[in-house]
Each structure stands twice: as C-alpha cells, then as structure tokens.
Amino acid sequence: MAVPVAFFALFFAYPVTAIVGRGLKAEGAWQFGRIGEVLSRPDILDVLWFTTWQALASTALTLLIALPGAYVFARFDFPGKQVLRAVVTVPFVLPTVVVGTAFLALLGRGGLLDELWGVRLDTTVWAILLAHVFFNYAVVVRTVGGLWSQLDPRQEEAARVLGAGRFAAFRRVTLPALAPAVAAAALMVFLFTFTSFGVVQILGGPAFSTLEVEIYRQTAQLLDLPTAAVLTLVQFAAVGGILAVHAATVRRRERALKLVDPAQTSRRPRGAGQWALLGGVLLTALLLILLPLGVLVERSLDGAGGYGFGYYEALQSVGAGGSSTFLVPPLEAVGNSLRYALVATLIALVIGGLAAAALTRRAGRLVRGLDALLMLPLGVSAVTVGFGFLITLDKPPLDLRTSWILVPLAQALVGVPFVVRTMLPVLRAVDDRLREAAAVLGASPLRAWREVDLPLVRRAVLVAAGFAFAVSLGEFGATVFIARPDNPTLPVAVARLLGRSGELNYGQAMALSTILMLVCAVSLLLLERIRTDRSGEF
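Remember, predicted model here, so these are calculated numbers, not experimental data. (Residues numbered from 1 in each chain as written. Predicted model: local features only at pLDDT ≥ 70, side-chain atom pairs only at ≥ 80, totals over all residues. Heavy atoms only, no water.)

What the chain contains, in helices and strands, is 23 helices and six strands. A burial count over the chain gives 51% of its 538 residues as buried. Residue pairs at least 24 apart in sequence account for 78% of intrachain contacts in the chain once pairs closer than 6 positions are excluded. Element-wise, carbon and sulfur atoms account for 64% of the exposed surface of the chain, whose accessible area totals about 24000 Å². (Helix = DSSP H or I, 4+ residues; strand = E, 2+ residues; numbered from the N terminus. Buried < 20%, exposed > 50% of the residue type's maximum accessible area, 1.4 Å probe, protein only. Contact = heavy atoms within 4.5 Å. Areas by Shrake-Rupley, 256 points an atom, 1.4 Å probe, with all protein chains shown as cover.)

Here the focus is the side chain of asparagine 336. Residue position: asparagine 336 is located in helix 15 (residues 332–359). Its relative accessible area of 3% is what places asparagine 336 among the buried residues. For asparagine 336, the contacting residues outside a window of four places in its chain are Asn487 and Pro488.

Looking now at the confidence of the model for the chain. Averaged over every residue, the pLDDT of the chain is 82; residues scoring 70 or more account for 90%. Summarising per-element confidence for the chain, the mean pLDDT is lowest in helix 16 (residues 365–375) (68) and highest in helix 3 (residues 42–75) (93). Residue range residues 532–538 is modelled with pLDDT below 50. Its contacts to residues more than four positions away, or to other chains, number 25 contacts. (pLDDT = per-residue confidence, 0-100.)

Attention now moves to the side chain of threonine 392. Examined against the element boundaries, threonine 392 turns out to sit in helix 17 (residues 382–392). Threonine 392 gets classed as buried once you look at its relative accessible area, which sits at 8%. A distance of 2.6 Å separates the side chain of threonine 392 from the backbone oxygen of glycine 388, its partner in a polar contact. (Polar contact = N/O pair within 3.5 Å; in protein donor to acceptor, adjacent residues only side chain to side chain.)

Time to look at the pattern of salt bridges. Opposite charge on two side chains makes pairing possible when the charged atoms of those side chains draw close. Tallied over the entire structure, the rule returns seven salt bridges. Arginine 299 serves as the salt-bridge partner of glutamate 115, at 3.3 Å between the closest nitrogen and oxygen. Linking glutamate 115 in helix 6 (residues 112–117) with arginine 299 in helix 13 (residues 271–301), this pair joins segments that are 184 residues apart in sequence. Take glutamate 115: its relative accessible area is 51%, and that puts it in the exposed class. (Salt bridge = Lys/Arg side-chain N within 4 Å of Asp/Glu carboxyl O.)

Our next topic: the nonpolar core. Phe7, Leu94, Leu203 and Phe389 are the most contacted members of the largest nonpolar core, which has 155 residues in total. With 16 residues, helix 7 (residues 125–148) is the single largest residue contributor to this core. Each residue touching phenylalanine 7, except ones within four places of it in the same chain, is listed here: Phe12, Ile347, Ile351, Leu409, Ala412 and Leu413. (Core = buried A, V, L, I, M, F, W, Y, C linked by side-chain atoms within 4.5 Å.)

Here it is in structure tokens:
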C-alpha cells in the first residue's frame, strides 16, 4: 500500500488541495463565505443548471438509442457480431477531442450537413447531445447487454406460457432483473456527461459551458482561483455522490441474480420483427458511429487541390501555410503522445498492480479506504489537477515544471483506476491455497507471486495496459496545462489547431484526429483479442 498511497498523496492530493487552498484562503484564513458568494452568481447558476440538464438529457437519449443494441448483442447471433462489438466500442476509448472534431466535421461549418442541406448544428445543444450518445453508446450496450446475455430466457418464456403478453412478460420479469444494470449504465453515462470537457469545448462554443469547461475558463483565462476552487468542490461532491450510488447499484446487481452461460441465450434472429430490429441497430451503428468517423477521415483527405495527403504532409513542417501554431512540426505530437502514453502505462501498471495486490488481502478498513482513494481522480476536475501540478511541483526536490515526466504522471492518475478495476477481480479469484502450497515448498513471497499469480493474471495485465494506454493517449484536461509548446501531445495539438482560423489548420486538425483515432482503434482491437471476460462486459 505504501507506494500507491505515496503516489496519490504527492501527485493528486497535494496539487488539488493547494489549488483549493489558494482559492478559499485569504491572509492565512479559510474564507468559506466565498462558496455562497460564488454559488449565488447568476452566471454560475446557469452553468450548474446546464451541466445537470444536459447530462440528464444525454443519459436519457443514450438509453433510448442504445438499449435496442444491448438486446441485439445479448440475444442474437449473426455474422460479424464480434467485429461490430469492437466497432461500437471504438468511441468509448477515443479522446473527447477526437469525438468533438468528428462531429465538427459532420455538423459544423463546411461539414457534411452544411454542404448537403445548409444545416449547421455546431454551437447548439443538439451537437453536444449527439456527441455524448456517440461516446457513451458502448457503455450501455456492454453493461446492459453483458447482463442481458446471461439472464435465463426461460423465465420470460414461462410468463408467456402463463398468459402474459410479450410486453407484460418483459415488464414484469426481464426489466426488474435488468434494472440494476440499466441504473449502473445510466449513472456511468451521467458521470461522463456531467464532467464533459473536450466535447463541449469544441462543439458548444461560448454559449454553452459545463462545470469542467467553466473551471478551465476561470483558471486559465480569467485567473479567478476562488471561483475555480468552489466549482471544483461542487463537482467533486456531485461526482462522489454519483460514484457512491453506482457502487451500491453494482453490489445489488452482484448479489441479486443467478446467471447462465451466454452461449445458451444467443440465437439467430427469427421472424420479420427480429430481423428488422437487427437492421435498425446496424443502421444506428452506421449513422451514429461510422458516419462521423468516416467524415473525419474524408475531411482529412479533402484538400484545396482535391483528395490527397496534403494535410498529412503539412504536419511534417513548422509554420506550413504561414501558421505559427507550433514550435515543432505537428507530426512530432504523434511520437510525443506515444512516448508519454507508454511511460504513463508503465506507471499505472506499477501503482495499480500494487494497489490491486493490497486490496486482495482484505486487511480491514484501511485497505478498503485505499479502494475509494484510487477512484478520486475520476471525481476531480482534470483541469484542477493540471494547474495544481504547475503551482506545486515547482520547487526542489520536486521541481518538475520543465521535466517531460510531468505529463505521464498526470496521465497515469487517470489510468490507475482502469488498471485496478481490471486486475482486482482476477487477483481475488486466485486460490490462496496455491500461494500457500508454493510457500510450503520453499518459495519466497516474490517467487510465489511470479510463479503463481503472474501466469494467472497475465492476460488481465495486458488488458489493463491496453486501457491505461488508450486513456493516457487521449487525456486532455490536465495535459493542456502542462504539455510544453515544443512537446505537444496529440489532443493538445488538435485543440490548438482548431482554435486557429484557416483551412490548413482545420485540415491538419482532421489529419491528427484521424491518426489518434486509428491508434486508439488498434489498441481496442488488440484488447478484444486478449480480454478475459467473454461475456461482453467492461
């Protein structure tokens, strides 16, 4: 436990506390009255209201569109099912900057809708809602579909035999069993949309601002630390409540159901209705997922002289077309991101692996408290963490502001929870008697771990590494503060290009986003080949 606790205390608790302290302290005394002052401002109340209602609307719309897909993946067996499952999961591992850029190419100025019908949806709430559905579709499909595939269909069939109609049998038998999974998926979608940053920053324009976007604006543009500190506390409290409700929902789900092998519940579609449902889900995947990604690729190839790789070639030079956005060729952001993500993945595996090993020992409240500590980075603004790095890690022996390691450290904070959640169930499934037998035969604790635990969790480690790599590659909220101008990451480079006018900057942003999308997609396909849970759940 010592290493994970020290890591989080130094690189998470210390920077966040310092930022909040600077905002709420004056002349050495805490000024809690500032909380009421900030929360009574009309502009802040508008931000809180928009953050809440857009998250509720995004959650409802995602459930409405994704639940039919969850049923299809759970109950139907059809050619290309595994490939389609990987395709619909690609958005979940894409950086939010890429998602925003893809929908900008589809809905924004000069986008596909603008060219075909003269319709623009960027800077409207509809663009934000559609991008959130795109991003979270896989959360519902995998969370609900994974459980749905393990529910015994004979229970619903028995209700039909006893006289219940199809809808009544679903409402009285299947829906109550699915309710915990639906609630868990809805809470996770609400969490992701409540803390949305990159999507709202790119598609919302100045008219719309979530808590995360407002924290960034108050911190980076207005330098109003008191307001940013109050908003950070509000977001932390809200997300903490969401995670607590989610944990309770998951526990209820785990102890309430008896499940069967998913292979027993999947069959080919029967009848016109089921084939129509399958076709509707395929059409949804085409329009909602493949179309934005396809338009993103098309825009990256559509140059002034026709289709080609002109925008990709421009990434190799500094100031192409008179642009001074970068001090180095934008293409260097690819190498920077890969190096940073690899180092962040290694850090996340070490910290997360040690934490997961400690949590398997069930050694009282202290260890259980560590489990909650590891989830805190999901509940605190990444903008706050990044700015906290700048103002705290600036003195010896931890003067890291000019060091390249600062970016991987921030990215690793986001990767650790994924590592723990992936490895912990597998480590807990290892029979303690195997370790005891190795000890009886003279193996040291280190050798017992190497000979017993490691072979059993090797695949889980690879899956955890893949998720940590993907989320590190796309981290934007903290990295936008600490990435140096001469070493930008891919998400930061895309945001900088989109922030400048000009066709060349726009095309280069599309090209970099396409590269980032392909790297994330390859990572996901590798995960699909090595993942250990064949039920289809995360």
